[in-house]
Amino acid sequence: MTHPFSLSPDTRIAFVGGGNMASAVIGGLCRQGLSAGRIDVIEPFEATREALRVTHGIVAHAKPDAFLCGVDLIVWAIKPQDFAQAALSVRPYTEHALQLSVMAGIRTQAIACAMGSARVVRCMPNTPALVGQGIAGLFAVSAVTPSDRYLAETVIATTGTHLWVDREDLLDAVTALSGSGPAYVFYFLEAMQQAGTELGLSPEQGRQLAVSTFLGSSVLARDSLEQLGTLRERVTSKGGTTHAALTWLEHTGVKGSFVEAIHAACSRAKELGSEHIR
């Protein structure tokens, strides 16, 4: 995947956590040309450290130490509940680094306080990042410089596309829409596959038709300048099969329920953020 961003070969990046999201970003950085020797990973689980070595040539460490001194960027890719303890052990070596968090729920204020750094960027990615097709929302506090923003978005651009929001609370909406969004897509794909099998198709045929339809429609929507409603109307002939399906969906309130579900996800994201404020 190509994009307009590039890193200096002297850039040093450290990841706290070496799971799927970290591995996706590390893979993108390596493909972009950053040497594995410029990437450090703190990962307590031996099996995950070995996977990073085999996949990316990364020598990961079980715990932080002075080797972290001088890193340009710390990427926080651990579970939110593990952050407070991890921050205590990482902070002595990285107070001057830019902090980039892909943790859900931990707000910039909490990260800044825990790490003694005012330079914090929060990122809400989603799981298609694992195949280079992610979309991430980014927010930067006022102390983050233009060069800091460039570094953060260069790292995230290795996993797909991104957008910046100008208020941190909008990351809750990003979480509800795109962070949780892959599950919504899989939910509808499951329903389409089920309907296909009930109508006589094999599960494999139903899955292929459903996935290809979602993929093709998404590309069409991405590349079109027309409103989404207009694209929908172009497929919907009055009295036809699509009209029958959409009429039933409107009658049963599916659209309204779906919108309410995303609001519920956003509310939960705000609650989780409040739980981690210190």
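Going by the structure above, here's the rest.
Residues numbered from 1 in each chain as written. Predicted model: local features only at pLDDT ≥ 70, side-chain atom pairs only at ≥ 80, totals over all residues. Heavy atoms only, no water.

Peer 1: Help me out: how do you make sense of the overall build of the protein chain in this one?
Peer 2: In terms of helices and strands, the protein chain carries eleven helices and seven strands. Dimensions of the protein chain along its principal axes, counting C-alpha atoms only, are 70 × 40 × 35 Å. Among the 278 residues that make up the protein chain, the fraction classed as buried is 37%. Counted over contacts in the protein chain with a minimum sequence separation of 6, partners at least 24 positions apart contribute 62%. Computing the positive centroid from 22 side-chain charges and the negative centroid from 25, the protein chain places the two 1 Å apart. (Helix = DSSP H or I, 4+ residues; strand = E, 2+ residues; numbered from the N terminus. Buried < 20%, exposed > 50% of the residue type's maximum accessible area, 1.4 Å probe, protein only. Contact = heavy atoms within 4.5 Å. Lys, Arg positive; Asp, Glu negative; His and termini not counted. Charge placed at Lys NZ, Arg CZ, Asp CG, Glu CD.)

Peer 1: Mind showing me how you'd approach the packing of helix H7 (residues 181-198) against helix H8 (residues 203-223) here?
Peer 2: The description of two packed helices rests on the angle between their axes and on the distance between the axes. Two elements in contact, H7 and H8, have axes whose closest approach is 8 Å; the angle formed by their N-to-C orientations is 135°. Here H7 lies oblique to H8, going by the angle between them. Every pair of crossing elements has a handedness; the one defined by H7 and H8 is right-handed. Across from Val185, Phe188, Leu189, Met192, Gln193 and Thr197 in H7, the residues of H8 making contact are Pro203, Gly206, Arg207, Ala210, Val211 and Phe214. When its residues are assigned to classes, the contact of H7 with H8 shows eight nonpolar, three polar and one charged. (Axes fitted to C-alpha atoms, helices over the stretch in contact; angles between N-to-C directions. Parallel < 35°, antiparallel > 145°, perpendicular 65-115°, else oblique. Left-handed = near helix turned anticlockwise from the far one by under 90°. Nonpolar A, V, L, I, M, F, W, Y, C, P; charged D, E, K, R; others polar.)

Peer 1: Teacher, can you tell me more about a nonpolar patch on the surface here?
Peer 2: A contiguous nonpolar surface patch, about 300 Å² in accessible area, is contributed by Tyr187, Phe188 and Phe258. You can see Phe188 is positioned in helix H7. (Patch = residues over 30% accessible without salt bridge, like charges linked within 9 Å, V, L, I, M, F, W, Y side chains within 5 Å. Areas by Shrake-Rupley, 256 points an atom, 1.4 Å probe, with all protein chains shown as cover. Salt bridge = Lys/Arg side-chain N within 4 Å of Asp/Glu carboxyl O.)

Peer 1: Would you explain the nonpolar core in this entry?
Peer 2: General note: in soluble globular proteins, nonpolar side chains tend to be found buried as a group. With 34 residues, the main nonpolar core has Ile13, Phe15, Leu29 and Leu100 as its most contacted residues. Apart from the residues lying within four places of it in its own chain, the contact partners of Phe15 are Ala22, Val25, Ile26, Leu29, Ile39, Asp40, Val41, Ile42 and Val75. One finds Val16, Phe83, Ala97 and Ala110 within the second-largest nonpolar core, a separate group that totals 19 residues. (Core = buried A, V, L, I, M, F, W, Y, C linked by side-chain atoms within 4.5 Å.)

Peer 1: I tried to follow the sheet that holds strand S4 (residues 98-101) on my own but got confused; where do I start?
Peer 2: Working definition: the strands of a sheet are paired by backbone hydrogen bonds and lie parallel or antiparallel to each other. Pairing is mixed in the open sheet, where seven strands are placed in the order S2-S1-S3-S4-S5-S6-S7. Each having just a single partner strand, strand S2 (39-42) and strand S7 (160-164) make up the two edges of the open sheet. Direction aside, the axes of adjacent strands within the sheet are offset by 20° on average. Note that strand S6 (residues 134-140) and S7 share five bridges and pair parallel. In the sheet register, Leu138 faces S7, and the bridge partner there is Trp164. In the packing of helix H3 (residues 83-94) onto the sheet, the strands contacted are strand S1 (13-16), strand S3 (73-76) and S4, and the crossing angle to S3 comes to about 175°. (Pairing = 2+ DSSP bridges.)

Peer 1: What should I look at first to understand the pattern of salt bridges in this one?
Peer 2: A side chain of one charge can pair with a side chain of the opposite charge when the charged atoms of the two come close. Going through the model one piece at a time under the given rule, you end up with ten salt bridges. With a closest N to O distance of 2.6 Å, Glu50 and Arg53 form a salt bridge. A residue pair is termed a helical-turn pair when its members lie 3 or 4 positions apart in one helix, as Glu50 and Arg53 do in helix H2 (residues 46-56) at three residues. The salt bridge partner of Arg268 is Glu271, with a shortest N-O separation of 3.0 Å. Within this pair, Arg268 and its partner Glu271 are both found in helix H11 (residues 254-275), separated by three residues, close to a single helical turn. What makes Arg268 partly exposed here is its relative accessible area of 39%.

Peer 1: It is not clear to me how the side chain of Asp148 should be interpreted in this structure. Could you clarify?
Peer 2: The residue Asp148 is located in helix H5 (residues 146-156) in this model. Since its relative accessible area comes to 6%, Asp148 is described here as buried. Setting aside chain neighbours within four positions, we find Asp148 in contact with Leu98, Arg119 and Ala143.

Peer 1: Would you mind showing me how to read the pairing of strand S5 (residues 120-124) here?
Peer 2: A regular strand carries its side chains on alternate faces of the sheet. Most of S5 sits out of view: five of its five residues are buried. Traced from S4 through helix H4 (residues 108-115) to S5, the parallel crossover comes out right-handed. Note: S5 against S6, four bridges, orientation antiparallel. Across the sheet, Val121 pairs through a bridge with Ala140, a residue of S6. (Right-handed = clockwise from strand over helix to strand, strands pointing away.)

Peer 1: What is the right way to look at helix H1 (residues 20-32) in this model?
Peer 2: Residues spaced three or four apart along an α-helix point in a common direction, a consequence of the helix completing one turn every 3.6 residues. Compared with an ideal rise of 1.5 Å per residue, which puts 13 residues at 18 Å, H1 spans 18 Å between its outermost C-alpha atoms and is within 8% of the ideal. Every buried residue belonging to H1 is among Ala22, Ala24, Val25, Ile26, Gly27, Gly28 and Leu29, and all of these are buried. Tucked inside the fold, the buried residues of H1 contact S1, S2, H2 and H5. Gly33 sits one or two positions beyond H1 and adopts a positive phi of about 115°. (Expected span 1.5 Å × (residues − 1).)

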